[in-house]
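# Working through the structure, step by step
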Amino acid sequence: MGMLDTLKFFIFVLLLLITILLNQNVTSKKSGERDISQFWRIENENGTLKIENQTIPSGIYSALEQALIIESVLDFKNDLTTKWIARDNWTYSVPLTCNIKELNFTNVVLTLHGVDTFSKVYLNEELLGETSNMFVRYRYNVKNALRNECKNSPELRIQIRSPVSEASLLASQYDQLKIVPECPPPRYNGECHVNMIRKMQASFAWDWGLAVPSMGLWKPVRLEYYDSAKIRDITFALFDEETHWRMLVGVYLESGTTKRKLQGTLMFKILGVQLENEIVNVSKNSDESGELFVEHTLKVNKTSVDLWWPNGYGRQKLYNLYVKWEDNAINNVQLHYRETLIDEKVIRIGFRTIQLSQERTSDGLMFYFIVNSVPMFMKGSNWIPSSVLPESSYDENYVKFLLYAARDANMNMLRVWGGGVYESDYFYQLADELGILIWHDMMFACSMYPANEAFLNSVKVEVIQNVRRIQYHPSIAIWATNNENEVALRQNWYGTNVNEDVYIEEYKKLYVSVIQPRIAKVDKWRAILISSPSNGDQSTKEGYISKNPQDPLYGDVHYYNYIHDGWNPVIYRGGRFISEYGFQSFPALTSWPVRDLRNEELTDLIEHRQHSPLGNVPILHMIDENLPMPSNESADYWRDIIYLSQISQAMIVKTETEVYRSKRIEHGTMGALYWQLNDVWIAPSWSSIEYGGKYKILQYWIKDVFAQSHVIAYINAMNKLDVYLVRDTLGSDEVWTVEVNIHQWDKFMRVDNLTFHSIKVPENTVVRIGTYDIYDHLRQKNMDPKEHLLLINLLRDGTKIAENVVLLKKIKTATQIADPSPRLTIAAVNCNAATNVVHVSLEVVVSSPAVFLYMDLTPENSSLKQCQFSKNGFLQFTPIQTVHLKCVDIGCKSKLQASDIEILTVNDLLLRQTN
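Just so it is clear, the model here is predicted, and its values are computed rather than measured. (Residues numbered from 1 in each chain as written. Predicted model: local features only at pLDDT ≥ 70, side-chain atom pairs only at ≥ 80, totals over all residues. Heavy atoms only, no water.)

Of the regular secondary structure elements, the protein holds 18 helices and 47 strands. The C-alpha radius of gyration of the protein comes to 31 Å, within 12% of the 29 Å expected for a compact globule of 915 residues. Along the first, second and third principal axes, the C-alpha set of the protein runs to 115 × 75 × 70 Å. Going through the 915 residues of the protein one by one, you find that 59% of them count as buried. In the protein, which carries 92 positive and 106 negative side-chain charges, the distance between the mean positions of the two groups comes to 4 Å. (Helix = DSSP H or I, 4+ residues; strand = E, 2+ residues; numbered from the N terminus. Rg over C-alpha atoms; globule rule 2.2 N^0.38 Å. Buried < 20%, exposed > 50% of the residue type's maximum accessible area, 1.4 Å probe, protein only. Lys, Arg positive; Asp, Glu negative; His and termini not counted. Charge placed at Lys NZ, Arg CZ, Asp CG, Glu CD.)

Given below as structure tokens:
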């Protein structure tokens with residue numbers, strides 16, 4: 001090869017390398033998105049407060065606390081001292097980098113997934129649009145605007161206005177019906193007219209929560225770029241066709257342009273599963289908003305997939321459904337441009353059927369869920385936002401903690417309550433994984449609402465976007481368009497009788513004409529209730545406003561009792577499905593954010609945070625009715641009252657729940673969801689888990705109350721003992737034995753017993769053993785009921801699988817209770833440095849039976865978080881009891897000792913009174 005040939009060859013190789021490198025650079029032009037999450041600046045309207053380098057998601061309260069401008073709004077009475085924040089206006093701004101590759105796409109879309117709430121959105125001085133609904137995703141095609149402003153260092157600026165002022169302004173401008181209630185009760189220390197705006201309703205205060213009228217960017221801000229179309233949402237419905245599942249999959253494509261012709265293919269895949277009709281050709285115009293909806297039917301052989309089951313009934317098998325959009329233009333472009341014409345999305349689906357059955361009975365309608373052809377009793381609680389600050393409510397670690405707590409307590413359903421938020425994708429994904437069904441309210445609660453055009457138009461978008469986003473999850477069981485608004489209207493909670501006909505007309509316009517049909521259009525798979533509580537199908541028959549929305553013979557019921565003795569099972573009639581019930585208690589003494597736990601500062605803070613209009617009276621009344629009431633002169637008054645309040649709450653909810661479970665056959669009761677699982681601050685409330693994660697006694701007990709196999713016993717209205725066996729599991733008949741052991745309060749060993757042998761218990765049912773005159777039995781044995789109680793064991797094949805207790809007289813009148821002299825030793829400690837979880841094995845030793853023995857860590861151990869004992873608040877009728885403690889211990893630094901755990905018993909309080 002000559003010099004010239006060598007040079008030519010070198011030039012050829014060089015050009016080839018350059019071409020490859022250029023092609024590699026070009027192929028990186030791929031559809032996608034970019035988070036605009038860092039380097040935000042926040043400032044108030046007059047510029048006196050500026051916070052730099054903020055990260056999205058963000059809220060004003062959180063940002064001010066992180067910048068040390070305010071103390072936490074959750075401390076002391078800071079809900080009062082921080083009211084100025086929500087009355088100011090705040091601006092979020094961030095410089096946008098100009099990426100030439102992104103600007104070469106056909107669509108460059110600024111997507112605001114959650115703005116809280118009222119804002120104007122600017123790119124430099126160009127107004128892109130306005131926001132007015134925190135539950136709505138807002139999108140702006142900014143390609144031209146960005147290209148024009150690249151030379152001027154473009155800045156994205158979101159000017160957020162005070163929600164308090166906006167709500168007041170909208171109320172003053174509303175020239176139709178007065179929207180009631182206009183303000184919360186004074187005890188709430190809340191803000192007015194929250195029902196005028198589309199924002200978390202509880203953020204202006206509730207009977208369990210503080211007023212924090214949040215503002216901010218509570219969800220991600222992103223730039224999305226693509227040439228053809230973006231798959232925004234995928235919906236999924238499943239239908240049983242004997243040998244096959246018929247899957248109706250809806251794909252929502254965003255083209256970015258009105259009436260744009262989209263031509264291409266959609267491909268559907270489930271790894272390892274053969275699908276029929278995997279590819280569909282598309283040739284349609286997008287609508288006015290630039291969106292195209294494609295619905296496609298897939299079929300899969302039933303033998304190819306496993307069923308998804310709720311918690312306690314089987315595995316939660318999930319499958320990845322892969323959907324790919326490919327534009328036909330892909331065949332006419334160079335290889336390195338093809339990825340710009342493709343978009344992909346994966347959702348996780350479960351194969352299961354669910355039906356709300358409301359068949360007619362002799363006295364009303366049934367109301368229960370059938371999952372995979374199995375009628376199921378729903379056991380669970382009500383979910384409020386995990387934080388009153390929306391940007392924190394999506395905290396995955398805390399959401400995981402709470403949902404695992406629900407799963408571990410044998411719950412199979414949670415009700416997402418209508419005064420909060422549509423939860424994060426992670427929340428529903430985890431519910432799918434844990435087998436927790438979701439009763440889902442739309443975000444309307446305890447109020448009348450506007451029905452003018454602007455409000456209804458905003459609600460239409462809100463409902464469609466949120467139902468589309470979460471509809472495919474197998475955990476979603478049912479929709480309800482509101483919480484308690486039907487019963488509020490019918491029972492005249494807010495003085496609506498004066499213009500009742502008009503209020504009813506507006507109620508129907510919002511829920512029946514706007515919300516219900518939009519849910520139904522998106523979700524062809526689930527039942528929709530107009531309200532909760534309601535009479536279900538009977539409410540529809542009566543024109544959507546029943547004469548009595550709380551009729552126990554129809555639908556669902558919300559039941560609260562603050563007058564009668566909640567420890568007495570006789571007061572509970574129940575209904576078909578009790579979707580709310582409960583009782584208040586105080587959080588643990590060590591949880592309160594005060595400097596001195598014994599002085600009037602704690603009394604003042606408890607009074608401030610008690611938002612129930614009845615105050616602390618019901619709590620104290622139930623303690624006084626059943627337990628030894630401490631003297632208010634005692635130095636340990638609040639320690640003892642808090643402890644007793646949690647015993648009382650646990651006993652009331654336990655009693656009520658067990659009545660509902662036992663009445664499955666007699667009353668057709670098929671669901672019990674107590675109010676409420678979680679909390680948003682340390683305050684008197686109905687929750688079973690305190691804010692931050694500490695279990696109340698109720699949360700410890702509820703695991704046994706909701707057990708799959710359970711024995712339930714109580715004294716009936718005839719003053720006799722009723723005994724029921726509850727079995728939620730599936731499978732062949734089982735044979736159980738019940739031991740009713742009569743114990744004296746001060747003796748470990750039973751003094752007498754009754755045994756029921758060889759009871760056949762079929763799957764998924766309740767068996768009533770019968771009624772026994774226990775008091776006559778005691779009289780014959782010359783036993784005083786005040787000196788005795790019943791400890792009941794349930795055995796299968798000689799092994800105890802459940803236990804329960806029946807009190808024969810009120811504990812405050814009990815005699816023969818002795819001092820148990822409880823002692824605690826630490827048997828073993830193991831901390832996992834990788835998970836920061838410490839496991840402690842404890843031995844609790846007593847000299848005589850201990851009544852509701854309760855353990856709590858002393859305040860000096862505040863570094864340990866989310867501590868859970870394996871049991872707490874229990875009756876100890878054995879000399880030695882092993883208890884396990886698990887805590888989060890960052891860095892494994894804690895040196896826990898037995899003296900760091902305080903023990904309380906009812907024995908001590910009773911003996912103090914008698915001495």
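Core analysis: the biggest nonpolar cluster contains 210 residues, and Trp-40, Leu-110, Ile-515, Tyr-643 and Leu-885 have the highest contact counts within it. Per element, the largest residue contribution to this core is 13 residues, and it comes from helix α15 (residues 637–662). Ignoring any residue separated from it by four or fewer positions in sequence, one finds Tyr-643 in contact with Ile-697, Val-851, Phe-852, Tyr-854, Leu-904, Thr-905, Val-906 and Leu-909. With 34 residues, the next largest nonpolar core counts Trp-245, Met-247, Val-251 and Val-280 among its residues. (Core = buried A, V, L, I, M, F, W, Y, C linked by side-chain atoms within 4.5 Å. Contact = heavy atoms within 4.5 Å.)

Another point: the sheet that holds strand β43 (residues 850–857). Taken in spatial order, the 3 strands line up as β45-β43-β47 in an open sheet, and their pairing is antiparallel. The two strands at the open ends of the sheet, each matched to only one other strand, are β45 (874–876) and β47 (901–904). Averaged over all pairs of adjacent strands, the angle between their axes in this sheet comes to 40°, without regard to strand direction. Alignment of β43 against β47, held across 4 bridges, turns out to be antiparallel. What sits directly across from Leu-857, in β47, is Ile-901. (Pairing = 2+ DSSP bridges. Axes fitted to C-alpha atoms, helices over the stretch in contact; angles between N-to-C directions.)

The subject of this paragraph is the pattern of salt bridges. By the definition in use, this model includes 57 salt bridges. Note that Glu-166 is salt-bridged to Arg-161, the shortest N-O span being 2.8 Å. Glu-666 is paired through a salt bridge with Lys-663; the nearest N and O atoms lie 2.9 Å apart. On the basis of relative accessible area, Lys-663 is assigned to the buried category, the value being 10%. If you follow the salt bridges from partner to partner, you end up with Asp-636, Arg-639, Asp-640, Glu-902, Asp-908 and Arg-912 in one network. (Salt bridge = Lys/Arg side-chain N within 4 Å of Asp/Glu carboxyl O.)

Moving on, we come to the packing of aromatic side chains. The final tally for this structure, using the stated rule, is 41 aromatic pairs. With a centroid separation of 5.4 Å and an interplanar angle of 75°, the aromatic rings of Trp-208 and Trp-417 are classed as edge-to-face. Residue Trp-208 is found in the loop between β12 (204–206) and β13 (209–211), and its partner Trp-417 is found in the loop between β27 (413–416) and α8 (425–434); the two are separated by 209 residues along the sequence. Comparing Trp-208 with Trp-417, the two get one shared label, buried. Over the ring of Trp-245 we find Lys-302; its NZ or CZ atom is 4.8 Å from the centre of that ring. Residue placement shows Lys-317 over the ring face of Tyr-319; its charged tip is 5.3 Å from the ring centre. (Phe/Tyr/Trp six-rings, centres within 6.5 Å; stacked < 30°, edge-to-face > 60°. Lys NZ or Arg CZ within 6 Å of the ring centre and 35° of its normal.)

Here we take up the side chain of Lys-199. Of note, Lys-199 is situated in the loop between α6 (163–173) and β12. Judged by relative accessible area, Lys-199 falls into the buried class, the value being 0%. In terms of polar contacts, Lys-199 uses its side chain to reach the side chain of Asp-116, at 2.7 Å. Once you skip the residues sitting within four places of it in the chain, Lys-199 turns out to touch Asp-116, Thr-117, Met-134, Phe-135, Pro-163, Phe-204, Pro-213 and Ser-214. (Polar contact = N/O pair within 3.5 Å; in protein donor to acceptor, adjacent residues only side chain to side chain.)

Within the secondary structure layout, Ser-286 lies in the loop between β19 (279–285) and β20 (291–301). Residue classification places Ser-286 among the buried residues on the basis of a relative accessible area of 1%. Engagement of the side chain of Ser-286 in a polar contact is seen with the side chain of Ser-255, the distance being 3.3 Å. At 2.9 Å, the side chain of Ser-286 and the backbone oxygen of Thr-257 are in polar contact. Among residues more than four places away in sequence, those in contact with Ser-286 are Ser-255, Thr-257, Thr-258, Lys-259, Arg-260, Glu-291 and Leu-292.

Within a sheet, neighbouring strands are paired by backbone hydrogen bonds and run either parallel or antiparallel to one another. Read across the open sheet, the 6 strands follow the order β3-β2-β5-β11-β8-β9; overall the sheet is antiparallel. Since the sheet does not close on itself, it has two edges, and those belong to β3 (50–54) and β9 (126–131), each with one partner. Sheet twist, expressed as the average angle between the axes of neighbouring strands with direction ignored, equals 20°. Bridge count between strand β5 (residues 90–95) and strand β11 (residues 155–161): 6 bridges; the pairing is antiparallel. Residue pairing in the sheet places Pro-95 in a bridge with Glu-155 of β11.

Negative phi is the rule for most residues except glycine; trans is the rule for most peptide bonds. Put simply, Ser-532 and Pro-533 share a cis peptide bond, and its omega is 5°. Within the element layout of this structure, Pro-533 appears in the loop between β30 (527–529) and α12 (537–541). The peptide bond linking Trp-675 to Gln-676 adopts the cis configuration, its omega dihedral lying at 5°. For Asn-53, which is not glycine, the phi torsion reads 55° and is therefore positive. Locating Asn-53 in the fold gives a position in strand β3. Phi at Asn-719 is positive, roughly 65°, even though this residue is not glycine.

This part covers the state of the cysteines. Within this structure, the stated rule accounts for 4 disulfides. Put simply, Cys-98 and Cys-150 are joined by a disulfide, and their sulfur atoms are 2.0 Å apart. Measuring handedness by torsion sign, the sulfur bridge of Cys-98 and Cys-150 sits at about -110° and is left-handed. Placement of Cys-98 in the loop between β5 and α4 (100–103) and of Cys-150 in the loop between α5 (143–149) and β11 is noted, with a sequence separation of 52 residues between them. The class for Cys-98 is partly exposed, based on a relative accessible area of 30%. With a sulfur-sulfur separation of 2.0 Å, Cys-183 is cross-linked through a disulfide to Cys-192. A torsion of 105° about the S-S bond marks the disulfide between Cys-183 and Cys-192 as right-handed. Owing to a relative accessible area of 27%, Cys-192 belongs among the partly exposed residues under this scheme. (Disulfide = S-S within 2.5 Å.)

As recorded in UniProt, the sites labelled "domain: Beta-mannosidase-like galactose-binding" (unreviewed entry) are residues 40–219. Segment residues 40–219 splits into 18% helix and 32% strand. End C-alpha atoms: 14 Å apart. (UniProt positions renumbered as here; feature names shortened; annotations may be inferred.)

Bringing the pairing of β5 into the picture now. Along β5, 5 of the 6 residues are buried, which leaves the element largely enclosed by surrounding structure. Of the pairings in the sheet, the one linking strand β2 (residues 40–44) to β5 comprises 4 bridges and is antiparallel in character. Opposite Glu-43, over in β5, you have Thr-91 as the bridge partner.

Moving on to helix α7 (residues 396–408). Its 13 residues give α7 an end-to-end C-alpha distance of 18 Å, which sits within 8% of 18 Å, the value for a rise of 1.5 Å per residue. Listed in full, the buried residues belonging to α7 are Tyr-398, Val-399, Phe-401, Leu-402, Leu-403, Ala-405 and Ala-406. Those residues of α7 hidden inside the fold are in contact with β26 (378–383), β27, α8, α16 (697–705) and β44 (865–869). Where α7 begins, the capping side chain belongs to Asp-395, and its oxygen is found 3.0 Å from the backbone nitrogen of Asn-397. Positive phi shows up at Asn-410, right after α7, with a value of about 65°. (Expected span 1.5 Å × (residues − 1).)

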